[in-house]
Structure formats: C-alpha cells, structure tokens
Amino acid sequence: MDNYTDVLYQYRLAPSASPEMEMELADPRQMVRGFHLPTNESQLEIPDYGNESLDYPNYQQMVGGPCRMEDNNISYWNLTCDSPLEYAMPLYGYCMPFLLIITIISNSLIVLVLSKKSMATPTNFVLMGMAICDMLTVIFPAPGLWYMYTFGNHYKPLHPVSMCLAYSIFNEIMPAMCHTISVWLTLALAVQRYIYVCHAPMARTWCTMPRVRRCTAYIALLAFLHQLPRFFDRTYMPLVIEWNGSPTEVCHLETSMWVHDYIGVDLYYTSYYLFRVLFVHLLPCIILVTLNILLFAAMRQAQERRKLLFRENRKKECKKLRETNCTTLMLIVVVSVFLLAEIPIAVVTAMHIVSSLIIEFLDYGLANICIMLTNFFLVFSYPINFGIYCGMSRQFRETFKEIFLGRLMAKKDSSTKYSIVNGARTCTNTNETVL
Amino acid sequence: WEWPWNRKPTKFPIPSPNPRDKWCRLNLGPAWGGRC
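Cut-off values and rules
Residues numbered from 1 in each chain as written. Chains lettered and ligands numbered in written order. Predicted model: local features only at pLDDT ≥ 70, side-chain atom pairs only at ≥ 80, totals over all residues. Heavy atoms only, no water. Helix = DSSP H or I, 4+ residues; strand = E, 2+ residues; numbered from the N terminus. Buried < 20%, exposed > 50% of the residue type's maximum accessible area, 1.4 Å probe, protein only. Patch = residues over 30% accessible without salt bridge, like charges linked within 9 Å, V, L, I, M, F, W, Y side chains within 5 Å. Areas by Shrake-Rupley, 256 points an atom, 1.4 Å probe, with all protein chains shown as cover. Salt bridge = Lys/Arg side-chain N within 4 Å of Asp/Glu carboxyl O. Disulfide = S-S within 2.5 Å. Pairing = 2+ DSSP bridges.

A. Seen up close, the environment of A:I287. Assignment of secondary structure puts A:I287 in helix 9 (residues 265-311). Note: C-alpha distance between A:I287 and A:A190 (97 residues apart in sequence) is 8.7 Å.

Printed below as a string of structure tokens:
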C-alpha cells in the first residue's frame, strides 16, 4: 500500500465484521463499544501501524498503566492518557485553581500599580508586560484544567473535533506563546538593567519608552510567529465511536499533510524543539546568567563605592547607588526563579530530541512527571514576583498604598518616583528600589 | 483553503510505524506547549 493513502478509505471492511459488530474491550474505563466513520457508517477497521507504534496511549500502556484510549487500533484524544494522573489530579486539578486565583489577584495588582503614570519607566513597562503574560499563561488553560482534572472529566474522550482544536489552542499553544513572550521579556529586562548599570550613558538613547514599547511588540510578534506552525501542524480526524451508549465524534490526531509533504516529520519536530531549546531556554539562560554575573560584579563595586561615599558623608550619591543595587538585586531574584524553571525543561527537551532522533534512552514516564512538576513550580513562582516587588521596591509599595488606601496613608515624601538609573526623575528620598 | 476545523482529510500519509508517535511522547505541559 502506498504510504500516501486516502485515510478515509484506509478504514477497510473488517473480515469478521457483522452488522452489529460491537467490540468488548478489556479496559472498563474506556467504555467504547465499536466505532463508525462519519462518512458512510461502514464497519471498517484501521491500518495496522505495526507493533512499534508508540502513540501516547500505547506508551502509557507500555509503561504499565491501564490507559488504552483507542478503538480498533486507532487512538483518540483523551486526557487520561495525556498526563500521569497521580500527579495531574492533585497539581492541575486541586492546587492549580488556588494558584490561578492568587496569580490573577497578585498580577492584576502588579499591572494596576505599574500602569500608574507615576510608575511609567522603561523597566516598569517590561515588568508589566511580564505580569500580563504570566497571568495569561495560567488563565488560558484554566477552564480546560478545571473541566478535565478538577471536575474529573479526564476519562471522557475529547469531542467534538472543534473542542479538540479549542483545547489544543487554549491549553497548549496560547500558554506556550505567552510564556515565550515572558521569557524574552525577562531577557529584555536583564539587557536593559545591564545597560542602565554598566553603560549608563547609553541608556538615554537605548532605553527610552518608545524603543522599549517597540521592542515589546517585536517580541510578541516573534513569539506568535514561532507558535504559528503549531496551529496547523496537526489534523484532527473525526472518528465516531460508540461511547456511553451513544455515537460520539472523537478526535484522532495526525501530523498534517504539509509537514509530511514539504518538511518531513523528523525535520519538522527537530527544528521546532531545537529552536525552543536554543532560543527559548538555552540562549536566554546563558545570556541571563552572564548578565547577572556582570550585574552582580557591578553591584559589588557600587557597594564599595557606597561605603566610601558614606564615610565621606555624601548622602545623596550614596542613596542613588543603593537604589540601583536594590533594583539589580530584585532582577537577580527574578532571574534565578526563571532559571530554576527553564533549565530542567531545556535539558529534558534536548534529551527528547536525541532520544527521538538518534538513540532511545529517555524514560518518558519520569520526564513527563518532571515537566509537570516544573510547570507547577513556574505557576507557583508567579505570585512570588508580587512579593518580590512589594518587599524590595518602596516605590511599588507607596503607589500600592496610594491606590488602595488613599493618599493619606501614602508618605508625604512620595514625590520621588524616578530612579536615577531609569530616567529623568528627581532623586528620591527612599533608600529602596525605584523601578 | 479551509479553516482547520472544517478540514476533512482526503489523502493522508500514515507510514507504519507512524513517525509522529515517537515525537509526541513528551508532554511539555501548558506553559511549554503541551504534547505535539
């Protein structure tokens, strides 16, 4: 048979098919009793992929789980087989809703505070972009995760085809896009801080608001383009099965024809994963670590200078230096949290490329658990940013108080919203970070 | 041209074993793009 075969006609008449063919299946969770094609309702069967076929239900079965969401040797999309349930249920189902609420509250507050006119600096603009993207990273998949894991509907086959597409867009593509924007904004923030701290004269030309806005727009566009092929790289084939006593149109996933025709599955997935490993995980991590080391060195130097100025009783200059230091320290904390989440993913994805392309060695059961824990850690870290800003930026706290507790509560000397490191503002009386 | 959700595959390649299967064993979770 030609490799390029008409799929609808690959469902060939089963030799043993009787008009009332209903297959009793071993797995009670499956509750599938035969399938029909939407086109002609014939009793058909699917081409044999061979014993080496390792789609994920097969994989789950292979690693010992009872998961087998397939009918007559064709798999269909079912969340029970998508993630290890013993971890997915507590993390995605029970903890994630609380984290979602906390993230929405904390990041909305961050956006509210940073969007105040008095807080409008290039650094704050990037931080605000990060807060919005982080929030969207948890908001997009939330309805799907609630439905599947919190309310326990994961065992039901995902249907109809439009729902499979929606689930893929909102639970896989959009969060990944938002998180990629957030990663690149973190990088932009570090570069910006590096310019402010180590090449201060350049900051007046390079770190202006219009430039930062343009840069943020380019980052968002690039992240969108990098996820664009994912909207089209798989085809959701409708497959009618009898589920729970009624015919249900479920989705069988296949890589789209254009990938097979023009690129090849191996080349396509290698390029996609390699791009992510290099440009979303590895290079940002390397650049961030390098910049952090440089910033840390500059911070140490500034501390020495500060001590000297303090001894000489030059209080004003001393305060300016302290602001720079706190902002830099804040960045170091944000970046360290970022590295803790990104490095495991970079390593596992690189191992996945090698394992799929060259030599089979990766334990996917373990890798998927590790990635799920990292996903959880990432979402857990989102509200921590709020704590970091509050704890380390007095200006943030003051603006927060101004907004929520009224101007009376705010300090009278809060005229000082401009950092020397961030733009043309008057010097502040505060000794803490001014973003 | 059709919207992806309206598309019904007519001709479609399914080699055996399906090369997609080995690539889609990793589930990157929501933040990193899920499963391919």
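So that's the structure; there's more coming.
B. Focus on unusual backbone geometry. Residue and element names in this part refer to chain A. A cis amide bond links H159 to the next residue, P160, at an omega of -5°. The topology assignment puts P160 in the loop between helix 4 (142-150) and helix 5 (161-198). Phi at N244 is positive, roughly 55°, even though this residue is not glycine. Among the structural elements, N244 can be located in the loop between strand 7 (234-243) and strand 8 (246-255). On the basis of relative accessibility, which here comes to 52%, the residue N244 falls in the exposed class.

C. Spotlight on a nonpolar patch on the surface. All names here are of chain A. On the surface, V191, L274, F275, L278, F279, L282, L283, I286 and I287 cluster together into a nonpolar patch covering about 680 Å² of accessible area. Ranked by residue count, the leading element in the nonpolar patch is helix 9, at eight residues. Following the sequence through the fold, I286 ends up in helix 9.

D. Inspection of the state of the cysteines at higher detail. One pass over the structure, following the stated rule, counts two disulfides over all chains. Here A:C164 pairs with A:C251 through a disulfide, and the sulfurs are 1.8 Å apart. Since a negative S-S torsion denotes a left-handed disulfide, the A:C164-A:C251 link at about 85° is right-handed. Placement of A:C164 in helix 5 and of A:C251 in strand 8 is noted, with a sequence separation of 87 residues between them. Accessibility expressed as a relative area gives 0% for A:C164, which makes it buried. The buried category is assigned to A:C251, whose relative accessible area is 0%. Note that B:C24 is cross-linked by a disulfide to B:C36, the S-S spacing being 2.0 Å.

E. Expanded view of the pairing of strand 7 of chain A. Residues and elements named next belong to chain A. Within strand 7, 10 of the 10 residues are buried, leaving the element largely enclosed by the surrounding structure. The alternating pattern of strand 7 places R234, Y236, P238, V240 and E242 on one face and T235, M237, L239, I241 and W243 on the opposite face, and all of these are buried. In terms of strand pairing, strand 7 meets strand 8 through 10 bridges, oriented antiparallel. Looking across to strand 8, one finds that L239 is bridged to V250. Once strand 7 ends, the chain turns through two residues before running back antiparallel as strand 8, passing N244 with a positive phi of about 55°.

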